[in-house]
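These are the residues of each chain, in order.
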Amino acid sequence: MNAIFKRPDSLTDAPTHFCPGCTHGIAHRLIAEAMDELGITDRTIGIPGVGCCVFLYRYFPIDALEAPHGRAPACATGMKRAQPENIIFAYQGDGDMAAIGTSEIIHAANRGENITVFFINNSVYGMTGGQMAPTTLLGQQTTTSPYGRDFNTEGYPIKMAEMLATLEGVAYSTRVALHSPKHVNQAKRAIRKAFEMQINEMGFSMVEMLSTCNTNWRVTPLEALQMIEREMIPYFPLGVFKERTGKDFL
Amino acid sequence: MNAIFKRPDSLTDAPTHFCPGCTHGIAHRLIAEAMDELGITDRTIGIPGVGCCVFLYRYFPIDALEAPHGRAPACATGMKRAQPENIIFAYQGDGDMAAIGTSEIIHAANRGENITVFFINNSVYGMTGGQMAPTTLLGQQTTTSPYGRDFNTEGYPIKMAEMLATLEGVAYSTRVALHSPKHVNQAKRAIRKAFEMQINEMGFSMVEMLSTCNTNWRVTPLEALQMIEREMIPYFPLGVFKERTGKDFL
Amino acid sequence: MYYDVIMAGFGGQGIQTISQIVALAAIRRGLNVTFLPSYGVEKRGGRTNVTLVIADEEIGSMVTNHPRCVIAMDTIAVDKYRDQVARKGLLIANTSLVPESMLDRNDITPLALKCNDEALALGSVKLSNMIALGAFLQKTKILGFDDVEAVMDEVTPERLKHTIPANLEAIRRGMEIAGNGTV
Amino acid sequence: MYYDVIMAGFGGQGIQTISQIVALAAIRRGLNVTFLPSYGVEKRGGRTNVTLVIADEEIGSMVTNHPRCVIAMDTIAVDKYRDQVARKGLLIANTSLVPESMLDRNDITPLALKCNDEALALGSVKLSNMIALGAFLQKTKILGFDDVEAVMDEVTPERLKHTIPANLEAIRRGMEIAGNGTV
Amino acid sequence: MTEKKLTKGNIALAEGAIQAGCRYYFGYPITPQNDIPEYLARNLPKCGGTFIPAESEIASINMVMGASASGKRAMTSSSGPGISLMQEGISYLAGSEMPAVIVNIMRCGPGLGGIAPTQGDYNQAVHGGGHGDYRNIVLAPGSVQEMFDLTIKAFELADKYRNPTMIIADAMIGQFQEPCRLVPEKPVEFPEKPWALTGRRGREPRLLKSLYLGDYEQEEHNLLLKQKYDEIQEKEVMVEMQRLDDAELIIIAFGTPARVAKTAISMAREEGLKVGLIRPITLFPFPTKQIYEHSKKAGKLLVVEMNTGQMVRDVRIAAHRDASISFYGRPGGGFPFPDDVLAEIKKALDGGPR
Amino acid sequence: MTEKKLTKGNIALAEGAIQAGCRYYFGYPITPQNDIPEYLARNLPKCGGTFIPAESEIASINMVMGASASGKRAMTSSSGPGISLMQEGISYLAGSEMPAVIVNIMRCGPGLGGIAPTQGDYNQAVHGGGHGDYRNIVLAPGSVQEMFDLTIKAFELADKYRNPTMIIADAMIGQFQEPCRLVPEKPVEFPEKPWALTGRRGREPRLLKSLYLGDYEQEEHNLLLKQKYDEIQEKEVMVEMQRLDDAELIIIAFGTPARVAKTAISMAREEGLKVGLIRPITLFPFPTKQIYEHSKKAGKLLVVEMNTGQMVRDVRIAAHRDASISFYGRPGGGFPFPDDVLAEIKKALDGGPR
Amino acid sequence: MAYIVIDRDRCKGCCFCIEFCPRNLIRISKEHNKIGYFPAEFIEEERERCTGCKTCAVMCPDTAIEVYK
Amino acid sequence: MAYIVIDRDRCKGCCFCIEFCPRNLIRISKEHNKIGYFPAEFIEEERERCTGCKTCAVMCPDTAIEVYK
Ligand SMILES: Cc1ncc(C[n+]2csc(CCOP(=O)(O)OP(=O)(O)O)c2C)c(N)n1
Ligand SMILES: Cc1ncc(C[n+]2csc(CCOP(=O)(O)OP(=O)(O)O)c2C)c(N)n1
Ligand code: SF4
Ligand code: SF4
Ligand code: SF4
Ligand code: SF4
Ligand code: SF4
Ligand code: SF4
Ligand SMILES: [Mg+2]
Ligand SMILES: [Mg+2]
């Protein structure tokens, strides 16, 4: 019998440091599979943000640059300009992209940098122990919103995929989720498409993935999956918010 | 005979440092008139960004805080939280708001801070000698886009009023222009409305004003006015992008 | 009077609890205490170490590499701290999990204590930390049973209050074993 | 050989032009030069000051508060720099704009030069800077007319090349007046 | 006597802020100081205060600026990378003479570094950091009690001198627990703030700024600031000194290394070695005079830091010129144990470099 | 001999970058250094380079990081406030051992300050700045020619040591003009970069990072960095020394004050006063040995800076302990004229404080 | 009917008032003012034609114009 | 027909595979693995019921499952 599903070549043997059931792990595998399928592993450079994704280089057998928190899009800009022949991706959490790195992501997107950004939205700062993020849901309790996020003082969760889609330089902006087999397969296609946008020099591509942080949500891994469906998707609708089909910006 | 138009009380006697024909001056007068009409001068605190507006405190007889470049919305946040009974406004250029201060403006807006921001979009960094801003028009030559802004490498001009309007916390986001009597009168109404939003505790209000920088555009003051009509408005459409009519966000 | 002890094991073994008990009891006795949870880079990985220093004078260092006592609740802990125990010091090892052969230093007092087994005998493996605590009290004499009993209520969260009697009994059992010299 | 001069006036008086001419001519002669435009905080306000130091050795300071010469093209310039001129130094003042009464130091050589009037006489008030330059050459002798003539082409932008002959004439006129001692 | 509670350093600091009357906290998380914002997120609302989980450290320091300009006590806290991002803001606070308390629970650097304790940011806090000629007041707590007490002191000093005040503590001081009295030793001082921006009602408008463009205006401003710093140096030095009377060697250390040194000194004394301690509590102002006087007598100094050598430069400058100075440094999360320090003591007493 | 052109300091620096092979510039405008980006915006595209008008200084330094990680020569430039914002990024560059050239054309601070020339950022560049135990290589040009030559040197040193290298010059050095040879003195060196991230094709993956979490990993890393800095200190000092043979007083200054000092020294010598000059060209590595040796002989030092006293601390540490040190500082855009310095020379020779 | 007063020394001669006055009642002065600009001046001769429409004042960036009616 | 192989020591026992296997062919093991978790294990007894649908593998966050057919 043959293996019809095995670990992709673009994933190393290293066991992940993620908490049990953390869907960061699924995102990693999907990216690895996409690199395999597109045959780009040899020429891909990854730039993790700071967050639970920071050890990205342990898991992908590719060149990697550890960017300062939030600055991966700026690092990717410098890198892609310096080596346009290679594929550059950034991998950011919601603290990294939607909080401290707001400016860098918006301007990289607005310039239409030909890079790909994977964005793990788990509605908290996972790595530092589950503090409130700009993406935290209304009413959600975190260590820094102990009484639940209140829009009167903290505003509404920010929708990155939608906001970025308003920018001319963006070729592809989509939101997917990682909580069910169907959604994971969708996510896979989105990741592939995002890489293809870069390969075809269409401009900036971004895939937002709704992801779990069961540890900081203080629920079981399975409950966390359900919370994506039940609490996140109603506020963060899935879909493609922008997709360039030709170099129509020219 | 009676004066039917005179210098508003909320403008000091100081002659401005602006270049001849710079419409920053018109914006200043409109703000002063609005403060007069609303009777808020005594309880208004102004926070200039860094740019040609930095001497704001010379012209308005009000308390003022000189914020670091781009950070006026964060300073205003801290200030308004500390003294909600007072009226706090920031006054920013396009370098200040749309470049270095991108993150601060977006998050102040997203939190729905009950502050007012006046935004002078003159498509260049005026104070430092006319370098390219994120709002610089395509093809526009500046000292750092000597061959004209090219969307392939620098992206499209960023539309702040539209982008901010997408955020839930925003009560009022509008774009006006300062190049003709009709437009100046419209601008005046927008400025008043923005202050009223704050007075009525509706949340974040922002007025983007298309303004001239004839010095760095290297044209005469009158030509500069025409360029607003001919070149800026087609790309930066005027209008109200968001206006909350009740506290409907509650 | 000066005493330092490192208590180490994996998460869930109740290391934090017994070190809190000792710290509080010492404070009640008017002693100075420093309580240092896992320092350095050991953040993830589910291990717990606490360094406690107890003294009647001002306490300088809250770190120590030659503690007078180590309570090691599993093999990794013994491995890491056995060689650090000060000469003539005390090594209490949970030999329900640790092979006795590991306690092979002859310039210290090793106390092989089958904490899990003893705890199980008292009804729950969760009492193993209390067994160790009892032995610690007995061997070091820096605190008495009463001192510990007096703070049990304070350190025990509401939902666990009912476990106090069992805990006290386990402490007594630990003292007993250690007292008997049943090594 | 060491010489320092401050040239000052308001924007449009051609201060930058004549200081560039002097600087370049000096360089062509193999001399060292430093050229310091308005320094410090005077950014806006339309004033121009240039400090030029010319020497045959290495130049240390590019700032000077006792220049051997000041060329002051208007009242503000005289006001600011008159007292700084080194003793026995030279003050060339554009007395078309500056009241002669202001040149009231007797430990320096004041040269009252009606630059605007002389320039106008030659056809354009724009030549006033060249009149001053001529006087400077004549009085200081650190550069000759030929030195200056040789660099005129280089410093003159294309669209103004046609003004070179008039400029040279104005320089000659300035030299003449200064040579005559018509103070 | 008020009861002492076993308290974590970071918590003592956060509670100290509340008791100092700080009602505005703005911050962005970073290990190993998250206890501080987490505690304040829970407790500030209870006393009518405001906690904003800011989008970044840059926003945090500027929100602090806004609240501080309003005449309110405001604070932020962070660690290494976050503190670096605040340097522009801190320089502005200094330039416009606004009070603010900034806490750095130090972790390893450079770069992302690690989360282990260090003292690698001494220079940043005490000398470098932001641009321009300015100084932070810098306090270095050495115990949980001081995390509480010095936080109150930090607010008082910041207000008194209208100057940013930093509290720097290695992560160990932030993370360990000790019995702590959680009430102020004496009533908290609240200086008047006749400069605060509160709306001009019935008075002249006020202005807080740092831009000076007039001829020599900026120089004057810098010299006035310098005067203020000199006054702070004159009046505000805090230092702990132990066993100096007969000391032939003085250890100079702050934070955790000072505590370790105390133990090492006891060990040394037991062996008959005459060793004392100078522990700077204020890093700026630095206990220059104290070090000078005592180094003259003792002759030998041993500086112990959790870095590759930063405060040692200040000691060199402060010390009597004949004093010989040794240095023992453990950077990057390595820390000295008492017997390491004892060994260094012996080395230093046996000679040691100038 | 190649012809010298009257060139502005900032332009010489920008042209130096191009000739050093720098093809990537990322920056955000700030006075008084705008000539640099403006020149490069015009000229980089002509040689196939990339100029991005970045949205901020933070973006700039991180774009530099991305280009530098790619093995390319990259640069940014700014002044005071902008440089403060880069401190996190600079610390990361140091921590992950990436080369980069960062230019600070210094204006007044603190805060917004003014646009006049100062040397108020000495400490930030040389000691403080970002978090963690690291050093920048710091070059201080004293002439337009050095603005050109040292820019090339900066790229070479940055690559050689995989370390961020700063060029700091007061605004006067950036703004004034002098004849300058705009071709390199010798062929530009391009070290191999076997660490560059270029896609793993046919080799093991590479990694650039600054996070070390393993036990003692970070300490080892810090000690290795320290070793590197020691090596730089050993090998790379650049210093100009004048008239030291018989000097009884040595002026120590860099940048504009050093030039002013030269004139003052000539004046002093004319009056028979025996004064010499040590001008550090590298601020880190600092010419410690040179200062030590010569101060031993001369006995008196006068440090002149355009700030309230920053480098003077390094001089104090470097100097022989018997040397007496005076300081003359003009902060905030005030600068010393030659006769001011002459007056200080006389004061110092007449005694002057330790 | 109406008239305007221009603060000569505040005016920077940008010509906006001149451009926008519907009745062409403003011109540039021949003398420069204290701050070195050639300011706008109301054409007193045609004073009676001024409608007091305020257009000039509305456009003045230096708020140098007062309108009386 | 098909079967899966679970890398015991990579598995962290999150139960996703168990939850999503349409045929309930996976369960939690009674012994913990090297890294201290109780890993998932394929119910070998019912091996022939596995369709090779890969659902388990698709959901595994630790890529601990290989599917053979
Ligand atoms: C400048 C700076 N500020 C703060 C931190 C601390 N920090 C590390 S990761 C992180 C947030 C992580 O959250 P997110 O980006 O959402 O990633 P996640 O762990 O949730 O996947 C923070 C605040 C840092 N490393 N640097
Ligand atoms: C951190 C920092 N970076 C750069 C500058 C320099 N700077 C001052 S104003 C300005 C831009 C001004 O442009 P804008 O905000 O559009 O205002 P304008 O002058 O055009 O009205 C810049 C870049 C600064 N002061 N601080
Ligand atoms: S903390 Fe949250 S995001 Fe991070 S690995 Fe654990 S579950 Fe995943
Ligand atoms: S530079 Fe431009 S924006 Fe600034 S005052 Fe002049 S015209 Fe106005
Ligand atoms: S008020 Fe109207 S009519 Fe009168 S001068 Fe002004 S613009 Fe002209
Ligand atoms: S609009 Fe105002 S500034 Fe412009 S010319 Fe008229 S009066 Fe003068
Ligand atoms: S392949 Fe399908 S049927 Fe087989 S074990 Fe996995 S989920 Fe179950
Ligand atoms: S999904 Fe993977 S990690 Fe989770 S229980 Fe199954 S095999 Fe283990
Ligand atoms: Mg997250
Ligand atoms: Mg602008």
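As a reminder, the structure under discussion sits directly above these lines.
Read on for an overview of the structure. (Residues numbered from 1 in each chain as written. Chains lettered and ligands numbered in written order. Predicted model: local features only at pLDDT ≥ 70, side-chain atom pairs only at ≥ 80, totals over all residues. Heavy atoms only, no water.)

## Some thoughts on the site of ligand 2
Keep this limit in mind: Residues are classed as near a molecule or strand on a simple rule: at least one heavy atom within 4 Å of it. For this analysis, a polar contact is any N or O atom pair within 3.5 Å, provided that within protein one partner can donate a hydrogen and the other can accept it, and provided that sequence-adjacent residues contribute only side-chain to side-chain pairs.
In the neighbourhood of ligand 2, 25 residues make up the surrounding shell, with His24(B), Asp94(B), Gly95(B), Gly126(B) and Glu57(F) lying closest. Lying at an intersection of chains, ligand 2 is approached by residues of chains B, E and F. Within the backbone of Val124(B), a nitrogen or oxygen atom sits 3.1 Å from an oxygen atom of ligand 2. Measuring from an oxygen atom of ligand 2, one finds a backbone N or O atom of Met127(B) at 2.9 Å.

## What about the coordination of the magnesium ion (ligand 9)?
Residues and elements named next belong to chain A. What counts is decided by this rule: Any N, O or S atom lying within 2.8 Å of the metal counts as a donor, and for Na, K and Ca the limit rises to 3.2 Å; water is left out, so some sites can look incomplete. Every helix listed is a DSSP run of H or I at least four residues long, and every strand listed is a run of E at least two residues long, numbered separately from the N terminus. Accessible area is worked out with a 1.4 Å probe on protein chains only. A residue is then buried under 20% of its type maximum, exposed over 50%, and partly exposed in between.
Coordination of the magnesium ion (ligand 9) by the protein is provided by Asp94 (OD), Asn122 (OD1) and Val124 (O), with metal-donor distances spanning 2.0 to 2.1 Å. In primary-sequence terms, the residues that donate to the magnesium ion (ligand 9) follow D-x27-N-x1-V. Of the two residues, Asp94 is situated in helix H4 (residues 94-100) and Asn122 in the loop between strand S5 (116-121) and strand S6 (124-125); the sequence distance between them amounts to 28 residues. Accessibility assignment for this pair places Asp94 and Asn122 in one class, buried.

## Section: the coordination of the magnesium ion (ligand 10)
Looking at the magnesium ion (ligand 10), one finds its protein donor set to be Asp94(B) (OD), Asn122(B) (OD1) and Val124(B) (O), positioned 1.9 to 2.2 Å from the metal centre. When its relative accessible area of 2% is taken as the criterion, Val124(B) is described as buried.

## Observations regarding the interface of chain F and chain E
Here is the rule: Throughout, a residue-residue contact means that at least one pair of heavy atoms, one from each residue, lies within 4.5 Å. Joining two parts hides part of their accessible area as seen by a 1.4 Å probe, and the buried area is that hidden amount summed over both. A carboxyl oxygen of Asp or Glu within 4 Å of a side-chain nitrogen of Lys or Arg is what we treat as a salt bridge. Here the term charged refers only to Asp, Glu, Lys and Arg, the term nonpolar to Ala, Val, Leu, Ile, Met, Phe, Trp, Tyr, Cys and Pro, and the term polar to all other amino acids, Gly among them.
Each partner contributes to the interface: chain F provides 58 residues, whereas chain E provides 58 residues. For the pair chain F and chain E, the summed buried area comes to about 4,900 Å², and 56% of that belongs to carbon and sulfur atoms. Along the contact surface separating chain F from chain E lie six salt bridges. Taking the shortest distance from any N to any O, the salt bridge between Glu219(E) and Arg330(F) comes out at 2.6 Å. Only helix H4 (80-85), helix H5 (87-95), helix H6 (122-126), helix H9 (217-235) and helix H12 (311-318) of chain F provide two or more residues apiece to the side of chain F that touches chain E. For the side of chain F that touches chain E, the residue count by class is 20 nonpolar, 26 polar and twelve charged.

## Some points on the environment of Lys242(A)
Residues and elements named next belong to chain A. With respect to the helices and strands, Lys242 occurs in strand S10 (residues 239-243). In this structure the C-alpha to C-alpha distance between Lys242 and His69, which are 173 residues apart in sequence, comes to 26 Å. Side-chain polar atoms of Lys242 contact the backbone oxygen of Glu168, separated by 3.3 Å.

## Description of the sheet that holds strand S4 (residues 65-68) of chain G
Put simply, the rule reads: Strand pairing requires that DSSP identify at least two bridges connecting the strands. Working convention: axes come from line fits to C-alpha atoms, limited for helices to the stretch in contact. Angles between N-to-C directions cover 0 to 180 degrees.
As summarised here, the arrangement of the three strands in space is S1(B)-S4(G)-S1(G), forming an open sheet in which the pairing is antiparallel. Edge strands, defined here as strands with exactly one partner in the open sheet, are strand S1 (3-5) of chain B together with strand S1 (3-6) of chain G. Taking the axes of each pair of neighbouring strands and ignoring which way they run, one obtains an average angle of 35 degrees across the sheet. Where S1(G) and S4(G) come together, four bridges link them in antiparallel fashion. Considered in S4(G), the bridge of Val5(G) is made with Glu66(G).

## Some details on the packing of helix H1 (residues 15-28) of chain D against helix H4 (residues 128-140) of chain D
Residue and element names in this part refer to chain D. Operational definition: In this scheme the crossing of two helices becomes right-handed for a clockwise turn of the near helix relative to the far one and left-handed for an anticlockwise turn of less than a right angle.
Two elements in contact, H1 and H4, have axes separated by 9 Å at closest approach and are oriented at 35 degrees. Two packed elements cross with a definite hand, and for H1 against H4 that hand is right-handed. Every residue of H4 that contacts H1 at Thr17, Ile18, Ile21 and Val22 is listed here: Asn129, Met130, Leu133 and Phe136. Per-class residue counts for the contact of H1 with H4 are six nonpolar, two polar and no charged.

## Some thoughts on the interface of chain D and chain F
The partner chain F presents 24 residues to the 22 residues of chain D that form the contact. Around 1,900 Å² of area is buried between chain D and chain F when both sides are counted, 65% of it from carbon and sulfur atoms. Ranking the residues of chain D by area buried against chain F places Met62(D), Val63(D) and Asn65(D) at the top, with a combined share of 24%. Glu58(D) is the partner of Lys262(F) in a salt bridge, and the nearest nitrogen-oxygen pair spans 2.4 Å. Viewed at the interface, chain F and chain D are joined by ten residue pairs in polar contact (both at pLDDT 80 or more). Looking at the side of chain D that touches chain F, the elements that each hand over two or more residues are H1 and strand S2 (32-37) of chain D. Broken down by element, the side of chain D that touches chain F gets its largest block of residues, five residues, from S2(D). For the side of chain D that touches chain F, a count of residues per class yields eleven nonpolar, eight polar and three charged.

## Here we look at the pairing of strand S5 (residues 90-94) of chain D
Residues and elements named next belong to chain D. Worth spelling out the cut-off: Think of it like this: strands point away, you trace from the first strand over the helix to the second, and a clockwise trace means the crossover is right-handed.
Along S5, five of the five residues are buried, which leaves the element largely enclosed by surrounding structure. The β-α-β motif built from strand S4 (residues 69-72), the intervening helix H2 (residues 75-81) and the parallel element S5 has right-handed crossover chirality. Sheet analysis places S5 next to strand S6 (residues 109-113), joined by five bridges and oriented parallel. Among the inter-strand pairings, Asn94 is bridged to a residue of S6, identified as Leu113.

## Notes on the arrangement of the chains
Contact analysis covers 14 pairs of chains in contact, and the most contacts occur between chains E and F. Regarding chain C and chain G, which are not in contact, the minimum distance between any of their C-alpha atoms is 61 Å. There is a gap between chain B and chain H: no contact, and a shortest C-alpha distance of 33 Å.

## Quick notes on the nonpolar core
Note the following rule: By nonpolar core is meant a set of buried Ala, Val, Leu, Ile, Met, Phe, Trp, Tyr and Cys residues that side-chain atoms within 4.5 Å join together.
With 439 residues, the main nonpolar core has Met75(E), Ile251(E), Met75(F) and Ile251(F) as its most contacted residues. The residues touching Met75(E), leaving out its near neighbours within four places in the chain, are Leu13(E), Ala17(E), Cys22(E), Tyr24(E), Tyr25(E), Phe26(E), Ile36(E), Leu40(E), Val64(E), Val101(E), Val103(E) and Phe155(E). Among the nonpolar cores identified, the runner-up in size contains 50 residues, and Ile27(C), Cys69(C), Leu111(C) and Met175(C) belong to it.

## Section: the packing of helix H3 (residues 72-82) of chain A against helix H5 (residues 102-111) of chain A
Residue and element names in this part refer to chain A. Put simply, H3 and H5 touch, their axes get as near as 8 Å, and they point 35 degrees apart. Here H3 contributes Pro73, Ala74, Thr77 and Arg81 to the contact with H5, which in turn contributes Glu104, Ile105, Ala108 and Arg111. Tallied by class, residues from the contact of H3 with H5 come to four nonpolar, one polar and three charged.

## Considerations on the pairing of strand S9 (residues 204-210) of chain B
Residues and elements named next belong to chain B. Of all seven residues in S9, seven are buried, a share of seventy percent or more. In the sheet, strand S5 (residues 116-121) pairs with S9 via six bridges, with the strands oriented parallel. Looking at S9, one finds that Val117 is bridged to Met206. As paired strands, strand S8 (residues 170-177) and S9 are joined by seven bridges and run parallel to one another. Residue pairing across strands places Thr174 opposite Val207, the latter belonging to S9. Following the backbone out of S8, through helix H8 (residues 181-199) and into the adjacent parallel S9, one traces a crossover that is right-handed.

## Concerning the pattern of salt bridges
Across all of its chains, the model carries 113 salt bridges over all chains by this definition. Linking Glu162(A) and Arg175(A) is a salt bridge whose minimum nitrogen-to-oxygen distance equals 2.6 Å. Within this pair, whereas Glu162(A) is found in helix H7 (residues 160-165), its partner Arg175(A) is found in strand S8 (residues 170-177), the two being separated by 13 residues in sequence. Take Arg175(A): its relative accessible area is 1%, and that puts it in the buried class. Residue Asp42(B) pairs with Arg200(E) through a salt bridge whose shortest N-O separation is 2.7 Å. Of the two residues, Asp42(B) is situated in the loop between helix H1 (24-38) and strand S2 (44-48) and Arg200(E) in the loop between strand S9 (177-181) and strand S10 (207-208); the pairing between them involves two chains. Look at the salt bridges and you will find they share partners, linking Arg29(A), Glu33(A), Glu37(A), Lys188(A), Arg192(A) and Glu196(A) into a network.

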